[in-house]
Amino acid sequence: MSAFSSGNDAGKAGKIVDILKNRFGEIPWWPGNTDEVMIGAILTQQTRWENVEQALQQLKDRDMCSMAAMNAADAEKIEAAVRCTGFYRIKARRLKALAGFVTDICGGVDLMASIPTPTLRAGLLGVYGIGEETADSILCYGFSRPSFVVDAYTERIAWCAGITTPRSALKPLFESVIAEDSHVYHQTHAHIVEYAKGWCTKKRCEGCRIMALNG
DNA sequence: GACCAGGTCCTTG
DNA sequence: CAAGGACATGGT
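Another point: helix 1 (residues 9-24). Between its terminal C-alpha atoms helix 1 stretches 22 Å, which fits the 22 Å expected from 16 residues at 1.5 Å a residue. Listed as buried for helix 1 are Asp9, Lys12, Ala13, Gly14, Ile16, Val17, Ile19, Leu20 and Phe24. In this structure, the buried side of helix 1 is in contact with helix 10 (152-160), helix 11 (170-175) and helix 12 (182-199). Between the side-chain oxygen at the start of helix 1 and the backbone nitrogen of Ala10 there is a gap of 3.3 Å, and the oxygen is on Asn8.

Dropping the structure here:
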C-alpha cells in the first residue's frame, strides 16, 4: 500500500505517536481519583464514556463511589446506579470483585500503590471481569504506572498505519517507542482514542490515511 | 429498526 | 487455541 509509510512496525508506531502528539498536544483525559478510575475502567467496557460519567455521578449521589463503599454495598444497589452503562448486572458483579480485591486482598488503595507493577498487573488480571485493557487502564490512569493501554481504537489505528503486529503484541510494540514516563503514557493513549473516534471510525476504515497526515 | 459503543467470560468445535 | 455468543442500555 503505497499510501502508507514503509518501514518496520516500531517505526510506524513511533510515527503515529508523533503525528498525534503534534495534532492534539495536551488533552485532558480520564479525571478522578484512583477509586473513580478503577470504577470507570469497569464501567467503560464496551460503553461510551458519557454514560459512564452519568453512572459515576449516580454512585456519588448514593455515597457508593469508592472501593470500600462498594465492598459493603448490596449488588442490587450498585446495579441500579450503573444501569445506564449497559451490562449492568455483570458490571455490578465485576465491581464487587474488584472492590473485594482492593479492600480485602490488598488492604486498601494505599497498600495497593506500593505493589510493583508486574505483581499488581497479575493481581488485577486475576480479578473477575478484568482483562488486559481494564488492568492497564487502572495501572496507567489510576496508579500512574507506565503500562500502555491497547484498546479497539489502538488496533484500528495500527491497522490503518499498515502495522502487521498482532493485537496481542501491540502493548510491547508501543512501549518500545515511547518514553518511560507516566504522563506520556496517559497522553499517547488519549491521542489514539481521540483520533480514532473522529477519523478512524470503522474497524478497517482505509480512509483515514493516518500516516499521510504529516508526510 | 439496525447498528455500534474506550471488553470480558464462557462454551464449542 | 479460534470462533461465536452472552451480557444490556443509550445514542445515531
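Between helix 5 (residues 75-82) and helix 6 (residues 88-105), whose axes approach to 9 Å, the crossing angle comes to 125°. With respect to helix 6, the element helix 5 is oriented oblique. Regarding helix 5 and helix 6, the two cross each other, and that crossing is right-handed. For the pair helix 5 and helix 6, the contacting residues are Ala75, Ile78, Glu79 and Val82 in the first and Tyr88, Arg89, Ala92, Leu95 and Lys96 in the second. Class assignment for the residues of the contact of helix 5 with helix 6 results in 6 nonpolar, no polar and 3 charged.

A positive phi is found at Trp30, a non-glycine position, where the angle reads about 50°. In this fold, Trp30 is placed in the loop between helix 1 and helix 2 (34-43). One non-glycine residue, Phe87, lies in positive phi territory at about 45°.

One pass over the full model with this rule turns up 6 aromatic pairs. Judged by centre distance (5.1 Å) and plane angle (10°), the ring pair of Phe148 and Phe174 falls under stacked. Of the two residues, Phe148 sits in the loop between helix 9 (132-142) and helix 10 while Phe174 sits in helix 11, which places them 26 residues apart along the sequence. Look at Phe148 and you get buried, because its relative accessible area is 1%. Sitting over the ring of Tyr88, Arg83 keeps its end group 4.4 Å from the ring centre. Its end group placed over the ring of Tyr128, Arg93 keeps NZ or CZ at 4.0 Å from the ring centre.

Procedures and definitions
- Residues numbered from 1 in each chain as written.
- Chains lettered and ligands numbered in written order.
- Predicted model: local features only at pLDDT ≥ 70, side-chain atom pairs only at ≥ 80, totals over all residues.
- Heavy atoms only, no water.
- Helix = DSSP H or I, 4+ residues; strand = E, 2+ residues; numbered from the N terminus.
- Expected span 1.5 Å × (residues − 1).
- Buried < 20%, exposed > 50% of the residue type's maximum accessible area, 1.4 Å probe, protein only.
- Contact = heavy atoms within 4.5 Å.
- Polar contact = N/O pair within 3.5 Å; in protein donor to acceptor, adjacent residues only side chain to side chain.
- Axes fitted to C-alpha atoms, helices over the stretch in contact; angles between N-to-C directions.
- Parallel < 35°, antiparallel > 145°, perpendicular 65-115°, else oblique.
- Left-handed = near helix turned anticlockwise from the far one by under 90°.
- Nonpolar A, V, L, I, M, F, W, Y, C, P; charged D, E, K, R; others polar.
- Phe/Tyr/Trp six-rings, centres within 6.5 Å; stacked < 30°, edge-to-face > 60°.
- Lys NZ or Arg CZ within 6 Å of the ring centre and 35° of its normal.

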